[in-house]
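Coordinates in review
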Amino acid sequence: MAGLFREVVREHHFERDLRALIADTSEGAGYVEGAEFWLARGPFFGFPTDHPKVWFLPMAPISGRPVALYYTFDEATIWFFALERRS
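Residues numbered from 1 in each chain as written. Predicted model: local features only at pLDDT ≥ 70, side-chain atom pairs only at ≥ 80, totals over all residues. Heavy atoms only, no water.

Bringing the pattern of salt bridges into the picture now. Summed over all chains, the structure comprises three salt bridges. E15 serves as the salt-bridge partner of R10, at 3.4 Å between the closest nitrogen and oxygen. Here E84 and R86 are joined by a salt bridge, their closest N and O atoms 3.8 Å apart. Taking the relative accessible area as the measure of exposure, R86 reaches 36% and is therefore partly exposed. (Salt bridge = Lys/Arg side-chain N within 4 Å of Asp/Glu carboxyl O. Buried < 20%, exposed > 50% of the residue type's maximum accessible area, 1.4 Å probe, protein only.)

Spelled out as structure tokens, the structure:
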């Protein structure tokens, strides 16, 4: 099975965004666990943005507001680089 899944890298900015939304680190890890699982297997589960090579994945709302996870990828890696509340 090696080589079938992309490696997921959480950029520093993403980690800051996550901590700002969910202070408890274990809850934060659980919040993005499903996204890591699915996107590592197929990055096309998300949606392309207007910016080349940037995709987003709608996430479960936090405090009633929608959240979007922004990422980019190549054949071997997915980089999570932002997590933001949407209006």
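A word on the sheet that holds strand β4 (residues 65-73). In spatial order, the strands read β1-β5-β4-β3-β2; together these five strands make up an open sheet with mixed pairing. Looking along the sheet, the strands with just one partner apiece sit at the ends: β1 (7-10) and β2 (47-48). With two bridges joining them, β2 and strand β3 (residues 55-62) adopt antiparallel strand pairing. Bridge pairing in β3 places F47 opposite F56. Strands in contact with helix α1 (residues 12-21) are β1, β3, β4 and β5 (77-85); relative to β5, the strand with the most contacts, it is inclined by about 35°. Sheet contacts for helix α2 (residues 25-41): β1, β3, β4 and β5; angle to β3, the most-contacted strand, approximately 150°. (Pairing = 2+ DSSP bridges. Helix = DSSP H or I, 4+ residues; strand = E, 2+ residues; numbered from the N terminus. Contact = heavy atoms within 4.5 Å. Axes fitted to C-alpha atoms, helices over the stretch in contact; angles between N-to-C directions.)

Here the focus is α2. Taking 1.5 Å as the rise per residue, α2 with 17 residues should run 24 Å; its terminal C-alpha atoms sit 24 Å apart, in good agreement. Along its length, α2 shows its largest kink, about 35°, at V32. Those residues of α2 that fall on the buried side of the exposure criterion are G28, Y31, V32, A35, L39 and A40. (Expected span 1.5 Å × (residues − 1). Bend = angle between axes of the 7 residues up to and from the residue.)

Three or more residues of α1 are buried, namely F14, D17, L18 and L21. Buried positions in α1, seen along its axis, are confined to an arc of 100° and lie on one side of it. When the buried face of α1 is taken as reference, the exposed residues oriented beyond 90 degrees from it are H12 and A20. Looking at the packing, one finds that the buried side of α1 touches β1, α2, β3, β4 and β5. (Arc of directions from axis to C-beta.)

Read these as spatial facts, not as claims about activity.
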